[in-house]
Amino acid sequence: MVAALRERGVGTVESAAILGAGATASSALAALAGICAGPVTAYVRSAARADEMRGWGERLGVDLRTADWADAAQGLRAPLVIATTPAGTTDALAGAVPESPGTLFDVLYEPWPTALASRWSAGGAAVVGGLDLLVHQAVLQIEQMTGREAPLAVMRAAGEAALAARGR
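This is a predicted model, so every value here is computed, not measured.

A.B. asks: Just give me the short version of the packing of aromatic side chains, but keep the residues and values in it.
C.D. replies: Working definition: an aromatic ring pair is given by the centre-to-centre distance plus the angle between the planes. Under the defined criterion, the tally for this structure stands at 0 aromatic pairs. Lying over the aromatic face of Trp 56, Arg 59 brings its terminal NZ or CZ to 4.6 Å of the ring centre.

Laid out in C-alpha coordinates, this is it:
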(Lines give C-alpha, C1' and ligand atoms only; values in the text may rest on other atoms or scores of the structure.)
Protein backbone atom coordinates (compact mmCIF):
# COMPACT_ATOMS: atom_id res chain seq x y z
CA MET A 1 0.00 0.00 0.00
CA VAL A 2 2.78 2.39 0.89
CA ALA A 3 4.56 1.85 -2.44
CA ALA A 4 1.34 2.43 -4.39
CA LEU A 5 0.68 5.63 -2.43
CA ARG A 6 4.23 6.88 -2.91
CA GLU A 7 3.96 6.31 -6.65
CA ARG A 8 1.03 8.76 -6.60
CA GLY A 9 2.94 11.33 -4.55
CA VAL A 10 1.55 10.50 -1.11
CA GLY A 11 4.36 10.38 1.42
CA THR A 12 3.11 11.46 4.83
CA VAL A 13 -0.42 12.48 5.80
CA GLU A 14 -1.70 14.33 8.86
CA SER A 15 -4.69 12.03 9.34
CA ALA A 16 -6.54 9.27 7.53
CA ALA A 17 -9.81 7.38 7.39
CA ILE A 18 -10.29 3.67 6.77
CA LEU A 19 -13.64 2.51 5.46
CA GLY A 20 -14.09 -1.02 6.78
CA ALA A 21 -12.58 -3.21 9.44
CA GLY A 22 -11.65 -6.54 7.87
CA ALA A 23 -8.28 -8.05 7.02
CA THR A 24 -7.49 -5.44 4.37
CA ALA A 25 -8.38 -2.67 6.81
CA SER A 26 -5.89 -4.05 9.33
CA SER A 27 -3.25 -4.10 6.57
CA ALA A 28 -4.13 -0.49 5.75
CA LEU A 29 -3.68 0.39 9.40
CA ALA A 30 -0.23 -1.23 9.37
CA ALA A 31 0.67 0.82 6.28
CA LEU A 32 -0.58 3.99 7.95
CA ALA A 33 1.61 3.30 10.99
CA GLY A 34 4.54 4.41 8.88
CA ILE A 35 3.05 7.35 6.98
CA CYS A 36 0.30 8.94 9.10
CA ALA A 37 1.41 11.58 11.57
CA GLY A 38 -1.94 11.93 13.30
CA PRO A 39 -5.13 10.07 14.07
CA VAL A 40 -6.71 7.38 11.93
CA THR A 41 -10.46 6.84 12.08
CA ALA A 42 -11.89 3.48 11.06
CA TYR A 43 -15.55 3.46 10.06
CA VAL A 44 -16.97 0.09 11.01
CA ARG A 45 -20.25 -1.81 10.93
CA SER A 46 -20.02 -3.69 14.23
CA ALA A 47 -18.76 -3.27 17.77
CA ALA A 48 -16.73 -6.47 17.48
CA ARG A 49 -14.87 -5.12 14.43
CA ALA A 50 -14.30 -1.83 16.22
CA ASP A 51 -12.70 -3.72 19.11
CA GLU A 52 -10.47 -5.67 16.70
CA MET A 53 -9.33 -2.50 14.97
CA ARG A 54 -8.60 -0.77 18.28
CA GLY A 55 -6.49 -3.78 19.26
CA TRP A 56 -4.54 -3.50 16.01
CA GLY A 57 -4.10 0.21 16.59
CA GLU A 58 -2.64 -0.42 20.05
CA ARG A 59 -0.24 -3.09 18.76
CA LEU A 60 0.90 -0.90 15.89
CA GLY A 61 1.18 2.28 17.95
CA VAL A 62 -1.39 4.12 15.83
CA ASP A 63 -3.73 6.74 17.28
CA LEU A 64 -6.83 4.88 16.11
CA ARG A 65 -10.38 5.97 16.65
CA THR A 66 -13.44 4.05 15.53
CA ALA A 67 -16.75 5.41 14.33
CA ASP A 68 -20.01 3.86 13.22
CA TRP A 69 -20.44 3.10 9.53
CA ALA A 70 -23.48 5.39 9.50
CA ASP A 71 -21.04 8.30 9.88
CA ALA A 72 -18.64 7.15 7.12
CA ALA A 73 -19.39 10.17 4.93
CA GLN A 74 -17.57 12.30 7.51
CA GLY A 75 -14.45 10.26 6.90
CA LEU A 76 -14.34 11.39 3.27
CA ARG A 77 -12.93 14.71 4.49
CA ALA A 78 -9.65 13.10 5.61
CA PRO A 79 -6.50 13.85 3.59
CA LEU A 80 -6.27 10.11 2.84
CA VAL A 81 -9.23 7.75 2.66
CA ILE A 82 -8.64 4.02 2.27
CA ALA A 83 -11.73 2.05 1.22
CA THR A 84 -11.34 -1.62 2.11
CA THR A 85 -14.90 -2.85 1.79
CA PRO A 86 -16.48 -5.31 -0.66
CA ALA A 87 -17.82 -4.14 -4.02
CA GLY A 88 -20.87 -1.91 -3.75
CA THR A 89 -20.46 -1.09 -0.07
CA THR A 90 -19.23 2.48 -0.61
CA ASP A 91 -21.50 3.31 -3.56
CA ALA A 92 -23.90 5.23 -1.34
CA LEU A 93 -21.03 7.45 -0.17
CA ALA A 94 -20.24 8.73 -3.67
CA GLY A 95 -22.69 11.60 -3.32
CA ALA A 96 -20.91 12.77 -0.15
CA VAL A 97 -17.47 13.29 -1.72
CA PRO A 98 -16.31 16.76 -0.63
CA GLU A 99 -15.65 19.52 -3.14
CA SER A 100 -11.86 19.30 -2.65
CA PRO A 101 -11.12 15.76 -1.49
CA GLY A 102 -7.71 14.42 -0.57
CA THR A 103 -6.47 11.09 -1.90
CA LEU A 104 -8.66 8.01 -2.17
CA PHE A 105 -7.16 4.53 -2.09
CA ASP A 106 -9.93 2.13 -3.09
CA VAL A 107 -8.51 -1.38 -2.85
CA LEU A 108 -10.97 -2.86 -5.35
CA TYR A 109 -9.88 -3.62 -8.88
CA GLU A 110 -13.06 -5.23 -10.13
CA PRO A 111 -15.47 -3.65 -10.73
CA TRP A 112 -13.43 -0.60 -11.60
CA PRO A 113 -13.87 2.20 -11.21
CA THR A 114 -16.16 2.03 -8.23
CA ALA A 115 -18.86 4.68 -7.86
CA LEU A 116 -16.79 6.29 -5.10
CA ALA A 117 -13.60 6.31 -7.21
CA SER A 118 -15.46 7.74 -10.21
CA ARG A 119 -16.93 10.58 -8.20
CA TRP A 120 -13.60 11.21 -6.46
CA SER A 121 -11.62 11.48 -9.67
CA ALA A 122 -14.31 13.54 -11.46
CA GLY A 123 -13.02 16.61 -9.63
CA GLY A 124 -9.40 15.81 -10.45
CA ALA A 125 -8.47 14.35 -7.08
CA ALA A 126 -5.94 11.51 -6.78
CA VAL A 127 -7.26 7.95 -6.78
CA VAL A 128 -5.17 4.86 -6.15
CA GLY A 129 -6.84 1.58 -7.07
CA GLY A 130 -6.67 -2.10 -6.30
CA LEU A 131 -4.66 -2.85 -9.42
CA ASP A 132 -1.99 -0.45 -8.14
CA LEU A 133 -1.97 -2.43 -4.90
CA LEU A 134 -1.70 -5.79 -6.65
CA VAL A 135 1.09 -4.65 -8.96
CA HIS A 136 3.14 -3.18 -6.13
CA GLN A 137 2.68 -6.34 -4.04
CA ALA A 138 3.92 -8.40 -6.98
CA VAL A 139 6.89 -6.09 -7.55
CA LEU A 140 7.95 -6.38 -3.91
CA GLN A 141 7.59 -10.17 -3.98
CA ILE A 142 9.66 -10.54 -7.15
CA GLU A 143 12.37 -8.25 -5.82
CA GLN A 144 12.52 -10.10 -2.49
CA MET A 145 12.65 -13.51 -4.18
CA THR A 146 15.11 -12.67 -6.94
CA GLY A 147 17.07 -9.70 -5.67
CA ARG A 148 16.43 -8.05 -9.04
CA GLU A 149 14.40 -4.99 -9.96
CA ALA A 150 10.92 -5.92 -11.18
CA PRO A 151 9.47 -4.26 -14.30
CA LEU A 152 6.64 -2.21 -12.75
CA ALA A 153 5.31 -0.79 -16.04
CA VAL A 154 5.27 -4.21 -17.73
CA MET A 155 3.53 -5.79 -14.77
CA ARG A 156 0.91 -3.03 -14.64
CA ALA A 157 0.23 -3.43 -18.38
CA ALA A 158 -0.19 -7.18 -17.89
CA GLY A 159 -2.65 -6.59 -15.06
CA GLU A 160 -4.64 -4.11 -17.12
CA ALA A 161 -4.73 -6.56 -20.04
CA ALA A 162 -5.91 -9.38 -17.79
CA LEU A 163 -8.71 -7.25 -16.38
CA ALA A 164 -9.70 -6.08 -19.85
CA ALA A 165 -9.88 -9.70 -21.02
CA ARG A 166 -12.29 -10.44 -18.16
CA GLY A 167 -14.65 -7.80 -19.45
CA ARG A 168 -13.63 -5.00 -17.14
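A.B. asks: Can you lay out the sheet that holds strand β4 (residues 80-83) for me, pointing to particular residues and giving the numbers?
C.D. replies: The strand order across the open sheet formed by 6 strands is β3-β2-β1-β4-β5-β6, and the pairing between neighbours is parallel. What marks the edges here is a single partner per strand, and that holds for β3 (64-68) and β6 (127-129). The sheet shows a mean angle of 20 degrees between the axes of neighbouring strands, taken without regard to direction. The pairing of strand β5 (residues 103-106) with β6 spans 3 bridges and is parallel. Looking at β6, one finds that Phe 105 is bridged to Val 128. Helix-sheet contacts for helix α3 (residues 47-60) involve β1 (16-19), β2 (40-44) and β3, and the interaxial angle to β3 is about 165 degrees.

A.B. asks: For the side chain of Thr 114, give the residues involved together with the corresponding values.
C.D. replies: Of note, Thr 114 is situated in the loop between β5 and α5 (115-122). At a separation of 3.0 Å, a polar atom in the side chain of Thr 114 contacts the main-chain amide nitrogen of Ala 117. Each residue touching Thr 114, except ones within four places of it in the same chain, is listed here: Asp 106 and Leu 108.

A.B. asks: Explain unusual backbone geometry to me, and be specific about the residues and the numbers.
C.D. replies: With an omega dihedral of 5 degrees, the bond running from Glu 110 to Pro 111 counts as a cis peptide bond. Examined against the element boundaries, Pro 111 turns out to sit in the loop between β5 and α5. Omega for the peptide link from Trp 112 to Pro 113 comes to -5 degrees, which places this bond in the cis form. Following the sequence through the fold, Pro 113 ends up in the loop between β5 and α5.

The rules behind each value
- Residues numbered from 1 in each chain as written.
- Predicted model: local features only at pLDDT ≥ 70, side-chain atom pairs only at ≥ 80, totals over all residues.
- Heavy atoms only, no water.
- Phe/Tyr/Trp six-rings, centres within 6.5 Å; stacked < 30°, edge-to-face > 60°.
- Lys NZ or Arg CZ within 6 Å of the ring centre and 35° of its normal.
- Pairing = 2+ DSSP bridges.
- Helix = DSSP H or I, 4+ residues; strand = E, 2+ residues; numbered from the N terminus.
- Axes fitted to C-alpha atoms, helices over the stretch in contact; angles between N-to-C directions.
- Contact = heavy atoms within 4.5 Å.
- Polar contact = N/O pair within 3.5 Å; in protein donor to acceptor, adjacent residues only side chain to side chain.

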